[in-house]
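# Residue-level structural notes
The chain contents come next:
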Amino acid sequence: MSKPVLRVQDLSVTFTSLAGSVFNRQERQIRAVDGINFELFAGETLGIVGESGCGKSTLARAILGLLPPNRGRVMWMGDNLTELDEEAMRQRRKELQIVFQDPVASLDPRMTAGDIISEPLWTFYPKMARLQVDERTRGMMKMVGLLPNQINRYPHEFSGGQCQRIGIARSLVLNPRLLICDEPVSALDVSIQAQIVNLLQDLQKKLGLALIFVAHDLSVVRHISDRVMVMYMGQAMEVSEKERLYRKPLHPYTNALMKSVPVPDPKLAAAARRENWLTGDMPSPYRRPKGCVFHDRCPFKVKRCEADVPPLRRMENGDRVACHRAEDLDLSVVEA
Amino acid sequence: MNDNVEKRRSERTVDDVFAQAMAEPDIRGRSLWVDAWHRLLRNRAAVVSGVLMILIVLAVVVGPMIAPWAGDFTDWDNTSSPPSLETGHWFGTDAVGRDILVRTLEGGRISLLVGLVATLVSLVIGVSYGAVAGYYGGMTDRIMMRVVDIIYALPFMFFVILLMVVFGRHIILIFVAIGAVNWLDMARIVRGQTLSLKNTEFIEAARACGVDHHSIILRHIVPNLLGVVIVYVTLTIPQVILVESFLSFIGLGVQEPMSSWGALVNNGAQDMESAPWTLVFPAVFLTVTLYCFNYIGDGMRDALDPKDRA
Ligand SMILES: Nc1ncnc2c1ncn2[C@@H]1O[C@H](COP(=O)(O)OP(=O)(O)OP(=O)(O)O)[C@@H](O)[C@H]1O
Ligand code: SF4
Ligand SMILES: [Mg+2]
């Protein structure tokens, strides 16, 4: 493949909060995103998967400069986005767009669908003729499967799925090169999820977008992704080519996530529950385990895991994994 | 084969739907404002209050212009005369023969004006103060809100009375004094709203679309604040009118020959036994107005309540 369009290097975001009483102030830190590295090629889709609270949204926001990273670089087409000043970054936003997790909350309730979709146009092309804006807005609505004659309706007059279509239309109206979808379907009905995922997949092919698709569930990203990154407590556990990851996960956490995927067959579901190794809860984000961050929940833990941090290593096939035992574990999935 | 036919048919229907929709005129949206307005119109107490308020405002504005007497005209033939159609003094006269109706209407001008202007003062200070504190957050916010807390803890009445005593009784001073104290609540409310609005996804979405801070505040924050502010304003006006009445009642409000409902009630109370009408009419106007504003405010709060939307 050619050169990547996006290269995220050692990106880290730490939140600091104050705790304790006035006399006993303590600073508590959450390393929401902790040294993430990956690259993304033009027209490629990267799925990012991890449990709730593992830092997926924070990563997405840091990539887009919506919150400042503590460390690391976001190289977009040769420029380091984290070093751009506010105006330069604003200009770059034409190329970088995001679809949010909550379709209703991400639309201003006091604006019409047309105003919402055309806001980026007004912002970047204030001199654009009214008629042209209108035409483009209706075109976008049609493209995402909304009836253009609903242009004057307000968000509360649309269903959740339709609201998400409005959000998608807004994110695509400027012809971006990169689209980050932060759990675009997790707030939607299961029956509508597939429609939205398919829509995004079609649009991605049609427009040649580089796409980052975030989900907390491996099954959602299965069809849309080329590669998948599995995150845990702000770190990447595994970054693998899709087919291989679903056939033979390299990391015990990926394996555990796969077992927690809902299985339609009740007998299999029972078996999966029995074998669901994801015991215990995620440790408090304030007290991150030493060594491998996953060690207190990992069924394959050895002594070494508690002391040494496993680096994200490149395997022979190009996939990457952060586990000491990646070579000697065989986590192949037996398809029933 | 069959599948294909099926598919083509369903495709056609989708296209048909679109074609049809393109041919039809645009559907009109119902904004949250329109929704709220319709809900308000279904609230009988608020509607009746609204109509009454319009009548009172009209009477207060137009009445003194078309009345045969001026407010300070003394009719020596009819001092302390009871309400009567014959004398032309429908609400009667006071001890020096001034027409109660005209005086009540003129007093209403002052009372309503104080209510509006002082509320406007608190609106301007409160909204800008609260929005700044909420939008910038952090240390700025903490300091600004501590200041509010401190002022809040001062005994307000004492403060107003002190101002009156030091600077003398002047109507402008009443506006400023009441407004300057009433903005505290407004600032708190606006700050809270701004704080929660700032973190909503649609504000972040606007930022992600390249919208600058200035436009975010104007296009997204202010319109979403408006509902709460309007409700609060409607509930502040009667509060201010009441405070002014109280000040006038204890003799610190507007000065003769100017009067307000509070001042008239004060005068009336002195002649309560010999000429009860001098007390009753201004008191009725005052009370009705206070009730009306409160009903309208409550109605608006119910109508604008986002919880109702679900
Ligand atoms: N503004 C913030 N201030 C402090 N902590 C934050 C902030 N935003 C997120 N966090 C914390 O950072 C961690 C990662 O949050 P993030 O929202 O990125 O998770 P997520 O993977 O997107 O979860 P979800 O699937 O629930 O959306 C969480 O522990 C969260 O509590
Ligand atoms: S490094 Fe050890 S604890 Fe961590 S995932 Fe691998 S085996 Fe489990
Ligand atoms: Mg999230």
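Above this note sits the structure.
Residues numbered from 1 in each chain as written. Chains lettered and ligands numbered in written order. Predicted model: local features only at pLDDT ≥ 70, side-chain atom pairs only at ≥ 80, totals over all residues. Heavy atoms only, no water.

### Details of the pattern of salt bridges
Pairing between side chains of opposite charge can happen when their charged atoms approach one another. Residues and elements named next belong to chain A. Here is the rule: The term salt bridge refers to a side-chain nitrogen of Lys or Arg lying within 4 Å of a carboxyl oxygen of Asp or Glu. Each helix corresponds to a stretch of at least 4 residues labelled H or I by DSSP, and each strand to a stretch of at least 2 residues labelled E; elements are numbered beginning at the N terminus. Only protein chains enter the accessibility calculation, which uses a 1.4 Å probe. A residue is then buried if its area is under 20% of the maximum for its type, exposed if over 50%, and partly exposed in between.
Inspection of every chain in the model, using the stated rule, returns 23 salt bridges over all chains. For Glu183, the salt bridge goes to Lys56, with nearest N and O atoms at 3.6 Å. Linking Glu183 in the loop between β7 (178-182) and α6 (190-207) with Lys56 in helix α1 (residues 56-63), this pair joins segments that are 127 residues apart in sequence. When the shortest N-O distance is used, the salt bridge between Glu95 and Arg92 registers 3.3 Å. Here Arg92 falls in the buried class, since its relative accessible area comes to 16%.

### Quick look at the sheet that holds strand β2 (residues 26-40) of chain A
Residue and element names in this part refer to chain A. Put simply, the rule is: A pair of strands is considered paired only if DSSP assigns at least 2 bridges between the two. Contacts: residue pairs with any heavy atoms within 4.5 Å of one another. Every angle, taken between N-to-C directions, lies between 0 and 180 degrees, and every axis is a line fitted to C-alpha atoms, over only the stretch in contact when it is a helix.
The strand order β2-β1-β4-β5 describes an open sheet built from four strands, whose pairing is antiparallel. Strands with a single pairing partner mark the edges of an open sheet, and in this sheet they are β2 and β5 (79-80). Relative to β2, strand β1 (residues 6-19) runs antiparallel, the two being bridged by 11 bridges. Following the sheet pairing, Val13 is matched in β2 by Val33. On top of the sheet, α1 reaches β1, β2 and β4 (71-76); it is set at about 120° to β1, its chief contact.

### Here we look at the nonpolar core
For clarity, the cut-off: Take the buried Ala, Val, Leu, Ile, Met, Phe, Trp, Tyr and Cys residues and link them wherever side-chain atoms come within 4.5 Å; each set so joined is a nonpolar core.
If you look at the biggest cluster of nonpolar residues, it comprises 56 residues, and the most contacted ones within it are Ile166, Ile168, Leu179, Leu200, Phe213, Leu218 and Val228 of chain A. Setting aside chain neighbours within four positions, we find Leu200 of chain A in contact with Ile168, Leu179, Cys181, Pro184, Phe213 and Ile224 of chain A. Of all hydrophobic cores here, the second largest spans 39 residues; its members include Ala36, Ala46, Ile221 and Leu235 of chain B.

### Focus on the packing of aromatic side chains
Operational definition: Only Phe, Tyr and Trp rings take part, Trp by its six-membered ring, and two of them pair if their centres are within 6.5 Å. Stacked means planes under 30 degrees apart, edge-to-face means over 60, and tilted covers everything else. Geometrically, a lysine NZ or arginine CZ counts as sitting over a ring once it is within 6 Å of the ring centre and also within 35 degrees of the ring normal.
All told, the structure shown has six aromatic pairs over all chains when counted by the stated rule. Centroid distance Tyr232 of chain A to Phe294 of chain A: 5.1 Å. Interplanar angle 80°. Geometry classified as edge-to-face. Within this pair, whereas Tyr232 of chain A is found in strand β9 (residues 227-232), its partner Phe294 of chain A is found in the loop between α10 (266-274) and α11 (303-307), the two being separated by 62 residues in sequence. You can call Tyr232 of chain A buried: its relative accessible area is 0%. Judged by relative accessible area, Phe294 of chain A falls into the buried class, the value being 1%. Of the aromatic side chains, those joined through ring pairs into one cluster are Tyr232, Tyr253 and Phe294 of chain A. One cation-aromatic arrangement involves Arg110 of chain A over Trp33 of chain B; the distance from NZ or CZ to the ring centre is 4.3 Å. Above the face of the Tyr152 of chain B ring, Arg188 of chain B is positioned so that its terminal group lies 4.1 Å from the ring centre.

### Notes on the packing of helix α6 (residues 156-167) of chain B against helix α9 (residues 213-249) of chain B
Residue and element names in this part refer to chain B. Using the following cut-off: Should an angle fall under 35 degrees it is called roughly parallel, over 145 degrees roughly antiparallel, and 65 to 115 degrees roughly perpendicular, with every other angle called oblique. It is the rotation of the near helix from the far one that decides the hand of a crossing: anticlockwise by less than a right angle makes it left-handed, clockwise makes it right-handed.
Where α6 meets α9, the closest approach of the two axes is 12 Å, and the angle between their N-to-C directions is 55°. Judged by the inter-axis angle, α6 sits oblique to α9. Regarding α6 and α9, the two cross each other, and that crossing is right-handed. Here Phe156, Met157, Val160, Ile161 and Met164 of α6 come into contact with α9, specifically with Val243, Phe246 and Leu247.

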